[in-house]
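Results of the structural survey
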Amino acid sequence: MRLQVIFMSLIMSSAGIAAEVDSGVRSRILENRQCKACRAPGASFGDLDLSFVSFEAADLRGANLRGKDLTRVVFKGADLRGADLSGANLSESDLTEANFSGAILVGANLKDAQLADAIFVKANLTRANLSGTQFNGTKLNEAMFTGAKLDGASFFGADMSKVHLEGAALNEVDFTGCILRGAHLDGALMKGVTLSGVDLQGASLAGAQLQKANLKNSNLSHANLQGAQLSMAQLSGAKFDAADLSYAIGVKADAMGASFIGANLSDSNFKAANLTETHFKGANLERSLLSSSVMCKTDIPEPFRRMGRCDEATFVTDVDDL
């Protein structure tokens, strides 16, 4: 038994030594704040001050960076797959083209960080502060953002397929050019967001707040929008084919040219909406409220058409159109 204890102690001791960053890396950090292309997979940086250090193209897979001050650190092109950065301060850091796949960033501060073309596939960013962060072109497939702060963030051109953003604060966020296919956005606060032309096929937005959102020409086929708030939203040209819009509220929404083919609109409220040139073939409109809606050149069933009116002069939106 005693030999077993000694043997286990030796294993634990050697593991602890292996986890410490080597002297060469340590000296580069202390002397030059420069660790470009250095190798420190699985390393623990102890009490080393890492703020303003350049880890460009470094190998930091599985590194322990929990709670570290990484203010303005350069991780450009670095490999941080599986690294633990829980509670770390990465504000104003450069993470462009870095790989954070499977990394843990729970409660981390990435405010105003640059993440263009970075990879965060299946990364855990729960409760992280991402205000003002630039995710342009970033791969965020299946990443977890539950409870994260994302006010003022930009996701231009990002791949966010199957991303988890349930209950996230996304007001005024720009998603132009994003892929949000199969995304989880239930209960998300998305007032005034820009989702123009975005692929949201099969996404779940049940109970999402989308007032005054821009969803022009977006694809929400087979999406779940049950109970979603779409009042005064821009829905022109959007595709809601086979989507669930039951109990959704789209009062005064502009859905000109939108497609609701085979959609479930039961118990929905689209009063005073612009439904000109919309398509409703095979849609379920049971108990839908459409009073005062404008319905010109639409294939909506006659009983519902009688609830609205056709006044094409209403749609002059620009002086040049007069």
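Let me sum up the structure you'll find in this document. Given the structure is predicted, the values throughout are model-derived calculations rather than measurements.

1. Brief notes about unusual backbone geometry
- One non-glycine residue with positive phi stands out, namely Arg127, at about 60°.
- Along the chain, the position of Arg127 falls in the loop between helix H2 (23-32) and helix H3 (302-305).
- If you check the backbone angles, Lys252 has positive phi at about 60° while not being a glycine.
- As for its placement among the helices and strands, Lys252 is situated in the loop between H2 and H3.
- Lys252 gets classed as exposed once you look at its relative accessible area, which sits at 55%.

2. So, the packing of aromatic side chains
- Within the structure shown, the criterion is met by 10 aromatic pairs.
- Taken together, a centroid distance of 6.1 Å and an interplanar angle of 80° make the contact between Phe135 and Phe145 edge-to-face. Here Phe135, found in the loop between H2 and H3, pairs with Phe145, found in the loop between H2 and H3; they are 10 residues apart in sequence, far enough to count as distant.
- Through a chain of ring-to-ring contacts, the aromatic side chains of Phe45, Phe55, Phe75, Phe100 and Phe120 assemble into a single cluster.

3. Comments concerning the nonpolar core
- Formed by 100 residues in total, the largest nonpolar core has its most connected members in Phe45, Phe55 and Phe75.
- Excluding residues that lie within four positions of it along the chain, Phe45 makes contacts with Val21, Val25, Ile29, Ala40, Leu50, Phe55, Leu60, Ala63, Asn64, Leu65 and Lys68.

4. Let's talk about the pattern of salt bridges
- Applying the stated criterion to the full structure yields 10 salt bridges.
- In this structure, Asp59 and Arg39 form a salt bridge, with 3.1 Å as the shortest nitrogen-oxygen distance. You can see Asp59 sitting in the loop between H2 and H3 and its partner Arg39 sitting in the loop between H2 and H3, a full 20 residues away along the chain.
- A salt bridge links Arg81 to Asp79; the shortest N-O distance between them is 2.6 Å.
- For Asp79, a relative accessible area of 16% puts it in the buried group.
- Look at the salt bridges and you will find they share partners, linking Arg39, Asp59 and Arg61 into a network.

5. Side note on the state of the cysteines
- Applying the stated rule across the entire model yields 2 disulfides.
- Note on cysteine connectivity: Cys35 is disulfide-linked to Cys38, with sulfurs 2.3 Å apart. The sign of the S-S torsion, about 115°, decides the handedness of the disulfide formed by Cys35 and Cys38: right-handed. Across the pair, exposure class does not vary: Cys35 and Cys38 are buried alike.
- Each disulfide pairs two cysteine sulfurs, and for Cys296 the partner residue is Cys310, the sulfurs being separated by 2.1 Å. The sign of the 125° torsion about the S-S bond sets the Cys296-Cys310 disulfide as right-handed.

6. Here's the deal with H2
- For H2, the side-chain oxygen to backbone nitrogen distance between the N-cap and Gly24 is 3.0 Å, and the N-cap itself is Asp22.
- Positive phi shows up at Arg33, right after H2, with a value of about 55°.

7. Thoughts on the environment of Gly202
- As for its position among the elements, Gly202 is in the loop between H2 and H3.
- Judged by its relative accessible area of 40%, Gly202 falls in the partly exposed class.
- Through-space distance from the C-alpha of Gly202 to that of Leu170 is 19 Å; in sequence the pair is 32 residues apart.
- With sequence-adjacent residues up to four places away left out, Gly202 is seen in contact with Gly182, Ser221, His222 and Ala223.

8. Describing the environment of Phe260
- Relative to the helices and strands, Phe260 is located in the loop between H2 and H3.
- Sequence separation between Phe260 and Lys239 is 21 residues; the distance between their C-alpha atoms is 6.6 Å.
- Those residues in contact with Phe260 that lie beyond four places of it in its chain are Phe240, Asp241, Leu245, Ala255, Leu265, Thr278, His279, Phe280 and Ala283.

The rules we used
- Residues numbered from 1 in each chain as written.
- Predicted model: local features only at pLDDT ≥ 70, side-chain atom pairs only at ≥ 80, totals over all residues.
- Heavy atoms only, no water.
- Helix = DSSP H or I, 4+ residues; strand = E, 2+ residues; numbered from the N terminus.
- Buried < 20%, exposed > 50% of the residue type's maximum accessible area, 1.4 Å probe, protein only.
- Phe/Tyr/Trp six-rings, centres within 6.5 Å; stacked < 30°, edge-to-face > 60°.
- Core = buried A, V, L, I, M, F, W, Y, C linked by side-chain atoms within 4.5 Å.
- Contact = heavy atoms within 4.5 Å.
- Salt bridge = Lys/Arg side-chain N within 4 Å of Asp/Glu carboxyl O.
- Disulfide = S-S within 2.5 Å.
- Polar contact = N/O pair within 3.5 Å; in protein donor to acceptor, adjacent residues only side chain to side chain.

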